[in-house]
Amino acid sequence: MTANGWFQILFFFALVLLATKPLGIFMARVFNGERTFLDPVLRPIEKLIYRTTGVDEGHEMRWTEYAFSMLLFSVVSMLALYLLQRAQAHLPFNPQKLAGVAPDLAFNTAASFTTNTNWQNYSGETTMSYFTQMAGLAYHNFTSAAVGIALAIAFIRGIVRREKETLGNFWVDLVRCTLWVLLPFCIVGALLLVSQGVPQNLKPYDTVKLVEPQQVAKVGSDGKPVVDTSGKPVTDTVTDQNIAQGPVASQEIIKEWGTNGGGFFNSNSAHPFENPTPLSNLIEMFSIFAISSGLTYTLGRMTGSQRHGWAVWGAMAVLFLAGVTVAYWAEALGNPMLAGTDQHVSALQAGGNMEGKEVRFGIANTSLWATITTDTSCGAVNGFHDSFTPLGGMIPLTNMMLSETIFGGVGAGMYGVLIYIILAVFIAGLMVGRTPEYLGKKIEAYDVKMAMLVSLVFPLAILSFAAVSALYQFGTSSISNPGPHGLSQIMYAFTSTAANNGSAFGGLNGNTLYYNTALGMNTLIGRFLMIIPMLAIAGNLARKKVVPPSLGTFPVTTPLFSTLLIGVVVIVGALTFFPALSLGPILEHLLMAAGKTF
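Residues numbered from 1 in each chain as written. Predicted model: local features only at pLDDT ≥ 70, side-chain atom pairs only at ≥ 80, totals over all residues. Heavy atoms only, no water.

Some thoughts on the overall build of the protein
Move 1: Helices and strands together make up the secondary structure of the protein, namely 19 helices and four strands.
Move 2: Against the globule reference of 25 Å for 598 residues, the protein gives a C-alpha radius of gyration of 24 Å, in line with a compact fold.
Move 3: Over its C-alpha atoms, taken along the principal directions, the protein stretches across nearly 80 × 60 × 50 Å.
Move 4: Buried residues in the protein amount to 57% of all 598 residues.
Move 5: Considering only residue pairs separated by 6 or more positions, the protein has 79% of its internal contacts joining residues 24 or more positions apart. (Helix = DSSP H or I, 4+ residues; strand = E, 2+ residues; numbered from the N terminus. Rg over C-alpha atoms; globule rule 2.2 N^0.38 Å. Buried < 20%, exposed > 50% of the residue type's maximum accessible area, 1.4 Å probe, protein only. Contact = heavy atoms within 4.5 Å.)

Section: a nonpolar patch on the surface
Move 1: Among the surface-exposed residues, Met1, Val326, Trp329 and Leu333 lie close enough to one another that they form a single nonpolar patch of about 380 Å² accessible area.
Move 2: By the element assignment, valine 326 lies in helix H10 (residues 306-333).
Move 3: According to the relative accessible area criterion, valine 326 is partly exposed, its value standing at 32%. (Patch = residues over 30% accessible without salt bridge, like charges linked within 9 Å, V, L, I, M, F, W, Y side chains within 5 Å. Areas by Shrake-Rupley, 256 points an atom, 1.4 Å probe, with all protein chains shown as cover. Salt bridge = Lys/Arg side-chain N within 4 Å of Asp/Glu carboxyl O.)

A few points about the packing of aromatic side chains
Two measures describe an aromatic ring pair: the distance that separates the ring centres and the angle between the ring planes.
Move 1: What the rule picks out here adds up to 31 aromatic pairs.
Move 2: With a centroid separation of 5.0 Å and an interplanar angle of 70°, the aromatic rings of phenylalanine 170 and tryptophan 171 are classed as edge-to-face.
Move 3: Using a relative accessible area of 0% as the deciding quantity, one classes phenylalanine 170 as buried.
Move 4: By relative accessible area, which is 25% here, tryptophan 171 ends up partly exposed.
Move 5: When the ring of tryptophan 310 is compared with that of tryptophan 313, the centres are 5.7 Å apart and the planes differ by 80°; the resulting orientation is edge-to-face. With tryptophan 310 and tryptophan 313 both in helix H10 and three residues apart, the pair spans about one turn of that helix.
Move 6: Take tryptophan 310: its relative accessible area is 32%, and that puts it in the partly exposed class.
Move 7: Its relative accessible area of 9% is what places tryptophan 313 among the buried residues.
Move 8: By way of ring pairs, the aromatic residues Phe12, Phe13, Phe289, Tyr297, Trp310, Trp313, Phe320 and Phe407 are connected into one cluster. (Phe/Tyr/Trp six-rings, centres within 6.5 Å; stacked < 30°, edge-to-face > 60°.)

Some details on the packing of helix H6 (residues 130-160) against helix H9 (residues 278-303)
Move 1: Two elements in contact, H6 and H9, have axes whose closest approach is 10 Å; the angle formed by their N-to-C orientations is 20°. Judged by the angle between their axes, H6 and H9 are roughly parallel. In the crossing of H6 with H9, the sense of the turn from one axis to the other is right-handed. In this structure, H6 uses Ile149, Ile153, Ile156, Arg157, Ile159 and Val160 to contact H9, whose residues at the interface are Ile291, Leu295, Thr298, Leu299, Met302 and Thr303.
Move 2: For the contact of H6 with H9, a count of residues per class yields nine nonpolar, two polar and one charged. (Axes fitted to C-alpha atoms, helices over the stretch in contact; angles between N-to-C directions. Parallel < 35°, antiparallel > 145°, perpendicular 65-115°, else oblique. Left-handed = near helix turned anticlockwise from the far one by under 90°. Nonpolar A, V, L, I, M, F, W, Y, C, P; charged D, E, K, R; others polar.)

With respect to the side chain of threonine 298
Move 1: Secondary-structure assignment places threonine 298 in helix H9.
Move 2: Its relative accessible area of 0% is what places threonine 298 among the buried residues.
Move 3: Within polar-contact distance, the side chain of threonine 298 engages the backbone oxygen of glycine 24 at 2.9 Å.
Move 4: Threonine 298 has contacts with Gly24, Met27, Ala28 and Ile153, leaving out every residue within four places of it along the chain. (Polar contact = N/O pair within 3.5 Å; in protein donor to acceptor, adjacent residues only side chain to side chain.)

Some thoughts on the pattern of salt bridges
For side chains of opposite charge, pairing can occur when their charged atoms come near one another.
Move 1: Per the stated rule, a full pass over the model turns up 16 salt bridges.
Move 2: Glutamate 331 is paired through a salt bridge with lysine 357; the nearest N and O atoms lie 2.7 Å apart. You can see glutamate 331 sitting in helix H10 and its partner lysine 357 sitting in the loop between H10 and helix H11 (362-375), a full 26 residues away along the chain. Taken as a pair, glutamate 331 and lysine 357 share a single burial class, namely buried.
Move 3: The network of salt bridges with shared partners includes Arg43, Glu46, Glu57 and Arg176.

Points about helix H8 (residues 248-257)
Move 1: Judged by how many residues are buried, H8 sits mostly within the fold: nine of 10 residues are covered.
Move 2: By the burial criterion, the buried members of H8 are Val248, Ala249, Gln251, Glu252, Ile253, Ile254, Lys255, Glu256 and Trp257.
Move 3: Contacts from the buried residues of H8 go to helix H1 (3-31), H6, helix H7 (170-195), H9 and H11.
Move 4: Threonine 259, located one to two residues past H8, shows a positive phi value of around 45°.

Details of the environment of tryptophan 257
Move 1: Considering the arrangement of structural elements, one finds tryptophan 257 in helix H8.
Move 2: Once residues within four sequence positions are removed from consideration, tryptophan 257 is found in contact with Leu23, Val181, Leu182, Phe185, Cys186, Ser287, Ala290, Ile291 and Val410.
Move 3: Reaching out from tryptophan 257, the side chain makes a polar contact with the backbone oxygen of valine 181 at a distance of 3.0 Å.

Things to note about the nonpolar core
Move 1: By size, the foremost hydrophobic cluster in this structure holds 165 residues, and its most contacted members are Phe155, Leu182, Ile291, Phe320, Tyr438 and Leu535.
Move 2: Apart from residues no more than four positions distant in its own chain, tyrosine 438 is found in contact with Ile159, Leu299, His308, Leu418, Ile421, Ile422, Val425, Ile443 and Val556. (Core = buried A, V, L, I, M, F, W, Y, C linked by side-chain atoms within 4.5 Å.)

Regarding unusual backbone geometry
Move 1: The phi dihedral of asparagine 268 falls on the positive side, at around 60°, and the residue is not glycine.
Move 2: Along the polypeptide, asparagine 268 turns up in the loop between H8 and H9.
Move 3: The buried category is assigned to asparagine 268, whose relative accessible area is 6%.
Move 4: Phi at asparagine 500 is positive, roughly 55°, even though this residue is not glycine.
Move 5: Its place among the elements puts asparagine 500 in the loop between helix H16 (483-498) and helix H17 (513-542).
Move 6: Residue classification places asparagine 500 among the buried residues on the basis of a relative accessible area of 3%.

Here's the deal with the state of the cysteines
Move 1: Summed over all chains, the structure comprises zero disulfides.
Move 2: You can see cysteine 177 has no disulfide; the closest cysteine sulfur is in cysteine 186, sitting 10 Å from it.
Move 3: Its sulfur unpaired, cysteine 378 is 12 Å from the next cysteine sulfur, which belongs to cysteine 186. (Disulfide = S-S within 2.5 Å.)

Side note on H17
Move 1: Between the first and last C-alpha of H17 there are 44 Å, a value that for 30 residues agrees with the 44 Å anticipated at 1.5 Å per step.
Move 2: Counting buried residues in H17 gives 24 out of 30 residues, a clear majority hidden from the surface. (Expected span 1.5 Å × (residues − 1).)

Re the environment of glutamine 245
Move 1: Tracing the backbone through its elements, the reader meets glutamine 245 in the loop between strand S2 (235-243) and H8.
Move 2: For the pair formed by glutamine 245 and leucine 202, sequence separation is 43 residues and the distance between their alpha carbons is 7.9 Å.
Move 3: A distance of 3.0 Å separates the side chain of glutamine 245 from the backbone oxygen of proline 204, its partner in a polar contact.
Move 4: Side-chain polar atoms of glutamine 245 contact the side chain of aspartate 206, separated by 3.3 Å.

Okay, structure coming up:
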């Protein structure tokens with residue numbers, strides 16, 4: 001670890017902190033229907049949308065109607081994306097003449113992008129046409145993010161409202177989020193990325209001659225190297241290279257600002273066309289954290305307890321800093337299997353474990369990005385987690401196992417941490433022997449049951465699918481490494497999809513009938529089976545009376561509350577998966593330290 005590396009990490013963190021308050025105030029004004037500086041331009045567009053679609057913006061919805069509207073919108077959007085992929089060969093803006101996407105892969109992709117997961121079992125530049133990227137994937141990058149933020153605002157309204165049955169209007173929240181929170185910032189962000197060299201065009205790919213022909217290993221349809229009868233790898237001679245391009249900048253910025261993830265190109269944000277410079281890297285990392293951090297201030301402002309919003313932010317910040325510290329330390333330490341090799345930082349080398357990392361970013365920025373992208377539900381990567389050291393790779397995996405509570409995806413992180421807050425104040429109430437309260441609302445049996453349902457769905461989905469995949473050949477045939485690392489690959493895939501993250505360890509071939517189906521189903525479970533009980537809690541809280549605080553009320557504005565929240569997140573979240581982590585990255589680390597490998 002170097003002073004320069006820590007400066008870059010802390011500089012990023014300071015930028016996020018500085019943006020938290022103004023962005024939080026802006027979002028509170030947007031969803032409270034207050035005037036903003038964008039109203040003269042966007043309000044007429046909003047009214048036109050309502051007139052065109054027949055939405056009554058004054059209509060308030062109960063939690064059941066809010067949930068039904070969200071599910072209906074998601075189902076229709078998912079079906080539209082599925083059909084778009086299947087028919088893309090017959091649609092415009094397809095200069096490469098790419099064929100329609102296979103049914104199982106189209107299902108996986110449609111489920112993934114609808115749920116803000118953006119897991120990709122395909123290479124973008126050889127699978128998706130420009131039209132599919134723009135009208136299908138980029139559209140979902142906006143709407144899935146807007147759905148998450150709308151749900152978080154609905155939960156906050158449930159906390160704020162007194163003896164009411166409604167949580168707002170889903171369609172209004174969706175439109176206002178898209179027009180005010182997502183679109184303007186993405187227009188500016190896309191132009192900033194273009195200034196750094198990110199392409200934005202509709203040109204066909206260019207073909208260029210290589211200066212020197214290259215011998216590359218031939219790969220079969222299963223993603224594994226082809227060997228001849230003697231067991232030697234078969235190689236092909238490559239003399240030409242296709243230079244993929246397209247409308248990249250416009251999709252790149254919303255994939256980060258909306259914590260969607262995915263990539264226009266197969267190598268994601270490690271690709272020089274998606275992320276060409278250190279400045280573009282900083283812009284993209286900041287975009288991933290900005291809204292989720294701002295929503296903590298929105299929580300405090302809308303509930304009238306700004307100190308509570310900062311207490312929640314503080315708990316998230318501690319968990320973030322702990323994760324990035326371990327990841328940076330583990331990667332800077334290097335590979336213990338290379339004992340005797342100089343892995344120290346010098347003027348001639350970066351030092352540490354540079355495998356799978358871009359030299360233009362280095363260990364500090366790659367470790368930081370890996371932590372950021374898995375603290376949220378973004379899933380974009382600028383390095384490959386499969387090449388991290390065992391403990392370095394365990395941090396992204398553990399971050400996702402905490403179920404989007406460290407800032408989390410846009411909206412999803414807020415309602416995810418609110419579930420843990422319910423559990424934290426319930427535990428605090430048990431400690432003092434009285435009915436727990438949260439901002440004047442009594443937390444009762446129904447609320448705790450729904451919160452525990454959310455907490456149990458997540459590990460149940462991950463561990464069930466991972467167990468089946470680790471036991472049978474249709475699951476193990478896709479891993480690239482045996483032993484504990486192979487288990488980590490399987491665990492990472494199902495954790496990433498259940499957490500609606502979408503990042504991949506990088507060593508698992510997911511483009512099979514089994515994995516396309518299982519991972520697609522996992523994304524749907526991780527999104528919708530957790531949203532419904534969450535909205536049920538919000539609806540129940542909205543109906544309650546506010547009780548005045550007393551001597552027995554546990555304050556939710558203090559460092560003690562932040563500490564308790566961190567403890568509940570770690571105990572309920574991380575320790576649930578500790579046995580699986582012990583058999584995966586922890587065991588792999590111990591074997592590597594002993595000089596053994598599989």
